[in-house]
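What follows is each chain in one-letter form.
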Amino acid sequence: QVQLVESGGGLVQAGDSLRVTCVASGHIFSIGRMAWFRRAPGKEREFVAVYIWSNQSDYVADSVRGRFTVSRTGGKVAIALQMNNLKPEDTGVYYCAAGPNRELHYSREIAYTYWGQGTQVTVSS
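Counting of residues starts from 1 at the beginning of each chain's written sequence and follows it residue by residue. Thresholds applied to this predicted model are a pLDDT of at least 70 for local features of residues and 80 or more for the giving and counting of side-chain atom pairs; totals over whole chains, interfaces and linings are not thresholded and use all residues. The basis for the side-chain values is all heavy atoms of the structure; hydrogens and waters are excluded.

1. Observations regarding the environment of Ala98
Note that Ala98 resides in strand E9 (residues 92-99). Residues Ala98 and Val60 lie 38 residues apart in sequence; the distance between their C-alpha atoms is 16 Å. Non-local contacts of Ala98, meaning those with residues more than four positions away in its chain, are made with Leu4, Ile31, Arg33, Met34, Tyr112, Thr113 and Tyr114. What counts as a helix is a DSSP run of H or I of at least four residues, what counts as a strand is a run of E of at least two, and both are numbered from the N terminus. Note on definitions: a residue-residue contact is assigned when non-hydrogen atoms from the two residues lie within 4.5 Å.

Below you can see the structure in the form of structure tokens.
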């Protein structure tokens, strides 16, 4: 069993920065990659960023490239998403996901086994 806990969400104004963190616990040996997804009300959940442990690589979605970065943090099985120059369209619930490496693209929800409860990020104009 793996548990994922997100933290760091909040209410900010456009142009501000925010850093959200996801910490994994439990059977962390099963984790090959950890990712961030987000969902706004009435919209599909979309991929934001991923960190892949085996090759220490990271990728971000086109919609946030240049503003968001993802990295490992804290010397634990944990990742952080640094969000700069936030825009109102970034508003949503940000979910942490994790799972073993598999032959499913990292941008697909089905690639992940474990999910956190989500943390709300609200960006006002």
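Let us keep going from here.
2. What about the pattern of salt bridges?
Here, a salt bridge means any side-chain nitrogen of Lys or Arg that lies within 4 Å of a carboxyl oxygen of Asp or Glu. Under the definition given, this model contains five salt bridges. A salt bridge links Asp90 to Arg38, with the nearest nitrogen and oxygen atoms 2.9 Å apart. Of this pair, Asp90 sits in the loop between strand E8 (78-83) and E9 while Arg38 sits in strand E4 (residues 33-39), and the two are 52 residues apart along the sequence. For the pair Asp90 and Arg38, one class covers both residues: buried. We note a salt bridge from Glu109 to Arg45, for which the minimum N-O separation is 2.8 Å. Of this pair, Glu109 sits in the loop between E9 and strand E10 (114-115) while Arg45 sits in the loop between E4 and strand E5 (46-52), and the two are 64 residues apart along the sequence. Residue Glu109 is classed as partly exposed on the basis of its relative accessible area, which comes to 29%. Burial classes follow relative accessibility: with a 1.4 Å probe on protein chains only, a residue under 20% of its type's maximum area counts as buried, one over 50% as exposed, and anything between as partly exposed.

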